[in-house]
Amino acid sequence: MKAKSILINYLFVLPAVLIFGIFYIYPFLKVFQLSLMEWDGILPTMQFVGISNFKEIMTDKIWWDSMWHAGYITLIALTFQNGLALLLALACDREIKYGNIFRVIFFIPPILSEVVVGLIWQWILDGNYGILNNAFNAMGMHSLVRNWLSDPKTALTCIAVVHSWKGFGWGFIILLAGLQTIPKQLYEAAKVDGADSWQVFTKITIPLMIPVFSMVIILTILGSMQVFVLIISMVGQGLVHHTDVPVLRILASMTGSSRFGYACAQGIIFGLVLIIISFTQKKLSERIKQA
Amino acid sequence: MRGKNERMQAGMNMKKSFLKCFKSNFYFLFSIFVISTFLTAGCGGNSEISKPAVTISVWHWMTDRDNAFNELAKRYEEKTGIKVKFELYAPSDSYTQKVRAAAQAGTLPDIFGILAEKRDFASFVIAGHVANLSPDMEKDAGLWKNDFFSRAIAVNEFLPDNEFRVTPGIYGVPLDVMNIQMLYNKDLLKQAGIKKPPKTLEEFLAMGEKLKALGIQGLVSGWGEVWMIDCFASNYAFNIMGEEKVMRTIKGEVPYTDADWIKVFGLFKELNDSGLLANGIVTMVNKTAEQLFANSKAAFAFNGSWCVNVYAGMNPNLSYGAMFPPNYGEFPMKIWGGAGSSLLVNDRSLVKKEAIDFLRWLSSAEQQAYLSEVTKNLPANKNCLTKISPILSDFSQAMEATTHPNIWPVHEFPQVIEAFDKSIQSIIIGEKTPQRVAEEVQKIKERELQKRAR
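Residues numbered from 1 in each chain as written. Chains lettered and ligands numbered in written order. Predicted model: local features only at pLDDT ≥ 70, side-chain atom pairs only at ≥ 80, totals over all residues.

## Section: the overall build of chain A
A count of helical and extended segments in chain A gives 13 helices and 2 strands. For chain A, whose C-alpha radius of gyration is 24 Å, the value lies well above the compact-globule estimate of 19 Å for 291 residues. When its C-alpha atoms are laid out on the principal axes, chain A stretches across 75 × 70 × 35 Å. Per-residue burial for chain A yields a buried fraction of 33% across its 291 residues. By sequence separation, contacts in chain A at least 24 residues apart represent 71% of the contacts at least 6 residues apart. (Helix = DSSP H or I, 4+ residues; strand = E, 2+ residues; numbered from the N terminus. Rg over C-alpha atoms; globule rule 2.2 N^0.38 Å. Buried ≥ 20, exposed ≤ 12 C-beta atoms within 10 Å, placed from the backbone. Contact = placed C-beta atoms within 7 Å.)

## Digging into the overall build of chain B
Helix and strand content of chain B: 17 helices and 12 strands. Counting every position in chain B, which comprises 454 residues, the buried fraction comes to 43%. Long-range contacts, defined as pairs at least 24 residues apart, comprise 75% of the intrachain contacts of chain B with a sequence gap of at least 6.

## As for the pairing of strand 6 (residues 173-185) of chain B
All names here are of chain B. Of all 13 residues in strand 6, 13 are buried; the element is thus mostly enclosed. Relative to strand 11 (residues 378-379), strand 6 runs antiparallel, the two sharing 2 bridges. Looking at the pairing, Val177 lines up with Leu378 of strand 11. Summarising the sheet, strand 6 and strand 8 (residues 298-304) pair through 5 bridges and their orientation is antiparallel. If you follow Met182 over to strand 8, its bridge partner there is Phe302. (Pairing = 2+ DSSP bridges.)

## Section: the interface of chain B and chain A
At the junction of the two partners, chain B supplies 28 residues and chain A supplies 23 residues. The element that contributes the greatest number of residues to the side of chain B that touches chain A is helix 16 (residues 414-428) of chain B, accounting for 6 residues. Considering only residue class, the side of chain B that touches chain A consists of 10 nonpolar, 11 polar and 7 charged. (Nonpolar A, V, L, I, M, F, W, Y, C, P; charged D, E, K, R; others polar.)

## Remarks on the environment of Ile182 of chain A
Tracing the sequence through the fold places Ile182 of chain A in the loop between helix 8 (155-180) and helix 9 (184-192). Taking the C-alpha atoms as reference, Ile182 of chain A lies 7.6 Å from Thr205 of chain A; in sequence the two are 23 residues apart.

## Quick look at the pairing of strand 10 (residues 335-345) of chain B
Residues and elements named next belong to chain B. Across the 11 residues that make up strand 10, a large majority, 10, are buried. Bridge count between strand 3 (residues 111-112) and strand 10: 2 bridges; the pairing is antiparallel. Looking at strand 10, one finds that Ile111 is bridged to Val345. The pairing of strand 6 with strand 10 spans 6 bridges and is classified as antiparallel. Across the sheet, Asn179 pairs through a bridge with Gly337, a residue of strand 10. The sheet contact formed by strand 10 and strand 12 (residues 402-403) spans 2 bridges and is parallel. Looking at strand 12, one finds that Ile335 is bridged to Thr402.

## Concerning the packing of helix 10 (residues 259-273) of chain B against helix 16 of chain B
All names here are of chain B. Two elements in contact, helix 10 and helix 16, have axes whose closest approach is 9 Å; the angle formed by their N-to-C orientations is 35°. In the packing of helix 10 onto helix 16, the handedness of the crossing is right-handed. Of the residues in helix 16, those touching helix 10 at Phe265, Phe268, Lys269 and Asn272 are Ile424, Ile427 and Ile428. Considered class by class, the residues forming the contact of helix 10 with helix 16 number 5 nonpolar, 1 polar and 1 charged. (Axes fitted to C-alpha atoms, helices over the stretch in contact; angles between N-to-C directions. Left-handed = near helix turned anticlockwise from the far one by under 90°.)

## What about the domain arrangement of chain B?
Residues and elements named next belong to chain B. For chain B, the assigned domains are domain 1 (55-176 + 339-407) and domain 2 (179-337 + 409-453). Taking the mean C-alpha position of each, domain 1 and domain 2 sit 28 Å from one another. In this assembly, 23 residues from domain 1 lie in contact with 17 residues from domain 2. Secondary structure elements with two or more residues in the side of domain 1 that touches domain 2: helix 4 (118-126), helix 15 (390-397) and strand 12. Counting residues per element, the side of domain 1 that touches domain 2 draws most heavily on helix 15, at 4 residues. Classifying every residue of the side of domain 1 that touches domain 2 gives 8 nonpolar, 7 polar and 8 charged. (Domains from an automatic or database assignment.)

## Regarding unusual backbone geometry
Residues and elements named next belong to chain B. The omega angle of the peptide bond from Ala90 to Pro91 is 0°, so this bond is cis rather than trans. Counting through the fold element by element, Pro91 comes out in the loop between strand 2 (83-88) and helix 3 (92-105). Residue Ala141 is not a glycine yet carries a positive backbone phi of 55°. Here Ala141 lies in helix 5 (residues 134-142). Phi angles above zero are rare outside glycine, and Arg165 is one such case at about 60°. By secondary structure assignment, the location of Arg165 is in the loop between strand 4 (157-158) and strand 5 (169-170). With 9 C-beta atoms counted inside 10 Å, the residue Arg165 sits in the exposed group.

## Describing the nonpolar core
Formed by 176 residues in total, the largest nonpolar core has its most connected members in Ile159 and Ile231 of chain A together with Ile111, Leu183, Val220, Ala301 and Leu359 of chain B. Residue contacts for Leu359 of chain B: discarding those within four places in its chain leaves Ile111, Val173, Leu343 and Val345 of chain B. (Core = buried A, V, L, I, M, F, W, Y, C linked by C-beta atoms within 7 Å.)

## Observations regarding the environment of Leu189 of chain B
All names here are of chain B. Inspection of the secondary structure assignment puts Leu189 in helix 7 (residues 186-191). Under the C-beta neighbour-count criterion, Leu189 is labelled buried, with 23 such atoms within 10 Å. Linking Leu189 and Leu211, residues 22 residues apart in sequence, is a C-alpha distance of 8.3 Å. Discounting chain neighbours no more than four positions away, the residues touching Leu189 are Tyr184, Ile194, Pro197 and Ala299.

## A few points about the confidence of the model for chain B
Residues and elements named next belong to chain B. Per-chain confidence: chain B averages 88 in pLDDT, with 88% of residues scoring 70 or above. Mean pLDDT values over the elements of chain B span from 49, in helix 1 (residues 2-49), up to 98, in strand 3. Note on residues 37-50: pLDDT under 50 across the span, and 1 contact to partners over four residues away in sequence or across chains. Model confidence for the complex: the whole-complex pTM is 0.82, and ipTM, which rates the interface, is 0.82. (pLDDT = per-residue confidence, 0-100.)

Encoded structure:
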């Protein structure tokens with residue numbers, strides 16, 4: 001009877017286990033298997049090549065450059081995007097006029113399609129007929145006029161700024177929600193004790209917001225390292241390799257060179273890098289929290 | 001304590017009643033399942049006897065032709081009773097991924113197209129996904145095959161002793177042909193005091209200054225989609241060193257550091273230095289280039305014959321002509337061209353014969369004329385050329401001077417192609433010299449040759 005009962009209990013969880021196994025575990029293991037193969041993605045036969053795909057990645061300069069590019073975009077997002085999100089969240093946390101309208105406006109960019117955002121900004125930054133260059137010309141700042149997306153000095157920064165513009169709404173909403181959980185009594189008590197605004201911010205707001213900052217940072221890192229749709233819509237297949245990011249390199253290996261095994265190996269390495277960054281960031285946050 | 005026991009007892013009772021209910025329902029549901037299986041199996045048997053209507057499933061990526069395809073499918077159904085279901089998947093990148101995934105899963109439709117290099121086409125054939133159409137094409141002294149431009153067939157053909165070891169044969173039905181040329185805006189050239197389009201590169205470069213002085217962009221093209229750079233460079237490689245030397249380079253017998261190749265790379269520097277290349281051409285997608293040319297913002301464009309339809313939609317009053325890229329070498333200029341889009345029959349299709357019959361009907365003169373009229377593309381069937389517009393006629397006259405990597409006997413490594421195209425971008429933005437680019441491309445070529453030798 002007991003065995004039957006256990007069996008029936010397992011029967012109930014079986015669909016969930018099957019779905020998880022088929023759609024998560026199997027593809028995960030398959031990626032590992034394919035990373036050890038040379039396969040064009042079409043032929044039924046694959047050639048086992050051991051770890052040679054991983055060895056090749058280690059010496060693939062374009063791949064590691066693309067990792068740095070993603071890191072640069074992430075750095076801009078962590079500073080500019082999250083800084084802007086925090087400032088706006090602090091402003092909207094106060095009882096200001098039309099606060100709800102501002103909240104809605106700030107959350108519009110994240111809900112727009114990346115392709116649409118990319119194309120709009122491509123139009124703004126266009127070297128020939130772009131609004132930005134026209135504005136600089138109108139203001140007499142001719143030295144600033146340039147081909148923003150075709151100049152290696154500015155292309156990646158433009159992409160990073162547009163990515164931050166599109167993404168700051170998420171940080172804004174999460175940070176605002178975090179700010180609103182801080183009891184108002186703490187601020188009132190601090191004021192009674194004679195603390196000024198800066199002291200209130202550094203001694204109350206920041207320490208209590210550390211778990212929220214941690215979450216926003218993790219989400220920003222994961223979102224920014226994996227950006228690619230925006231890049232395709234802004235610079236097509238890229239400006240030489242100056243705007244390449246890891247996901248675009250994986251796509252290029254898979255569909256451009258038909259090297260599925262190499263692409264899977266790149267995917268594994270990229271996943272490992274993301275895990276290491278996330279883990280390090282989590283540990284750092286915990287230390288700061290304890291301190 | 002008592003309350004806890006009562007709750008436990010209640011829980012046990014609930015579980016028991018649930019199990020009882022489950023058991024009785026299970027048997028009930030199982031009975032229904034068995035009965036319905038028999039019933040539906042019976043239905044299936046009956047429908048077999050009454051011969052259900054055949055439906056041919058077609059996957060394609062051609063957004064501009066979807067309505068025309070559906071209209072033709074309707075006409076075919078009226079004529080034969082066979083239903084043809086066209087399914088559009090766009091953009092082309094997504095379509096390519098869908099077809100690859102379907103090939104891996106064995107769920108390809110009866111008819112489909114592939115957007116890939118010859119190497120991948122060969123893999124599809126070797127994997128048994130594509131039917132060899134040679135027996136049908138060659139039947140009755142090649143009646144069907146002879147309807148097409150030879151270049152259109154060549155793209156879909158594997159010759160004996162091909163490097164991919166594919167059984168020789170024709171594996172696709174071309175729907176239209178295309179070639180990629182240069183276009184010039186007649187009004188803008190007139191405005192700049194240029195009486196006729198340039199014949200030589202020297203004449204072309206000299207026009208850069210004149211156009212720049214008038215604030216007119218020179219050449220626009222979708223070089224942000226790097227394959228168009230490859231196409232332009234390949235035109236000049238044939239022009240500067242001839243086909244034989246290009247093929248020897250691909251085989252690895254001539255290095256990319258050869259003086260002729262440096263001249264090919266140097267051409268892009270000259271074009272850039274003369275001010276002929278439009279601002280931002282390295283990241284310009286072809287749609288932007290088409291908008292600039294159609295709106296008379298640029299004097300020249302490098303684009304394919306599909307542009308006739310695009311320009312007609314963007315600016316019906318645009319006055320333009322087609323020309324070969326200006327001459328720079330001693331050998332004949334070869335432009336890219338051949339089958340624009342082709343459809344293949346799934347070798348594992350249950351309605352293979354019907355699918356082949358439909359493609360034969362679709363590629364016949366009447367249907368091709370309709371497709372050409374509606375979509376303004378060059379028909380693959382040469383028997384209906386009389387009904388095309390003058391500008392399309394200009395394009396069609398160049399068909400005999402076309403070539404395409406898919407019909408070359410040897411094929412370059414994808415890694416080398418990527419390095420080649422990206423390096424040209426770096427020349428245009430003034431980052432690298434032609435000499436340095438040649439060395440870098442050759443280094444990658446040697447690496448890939450070594451890998452293949454291993």
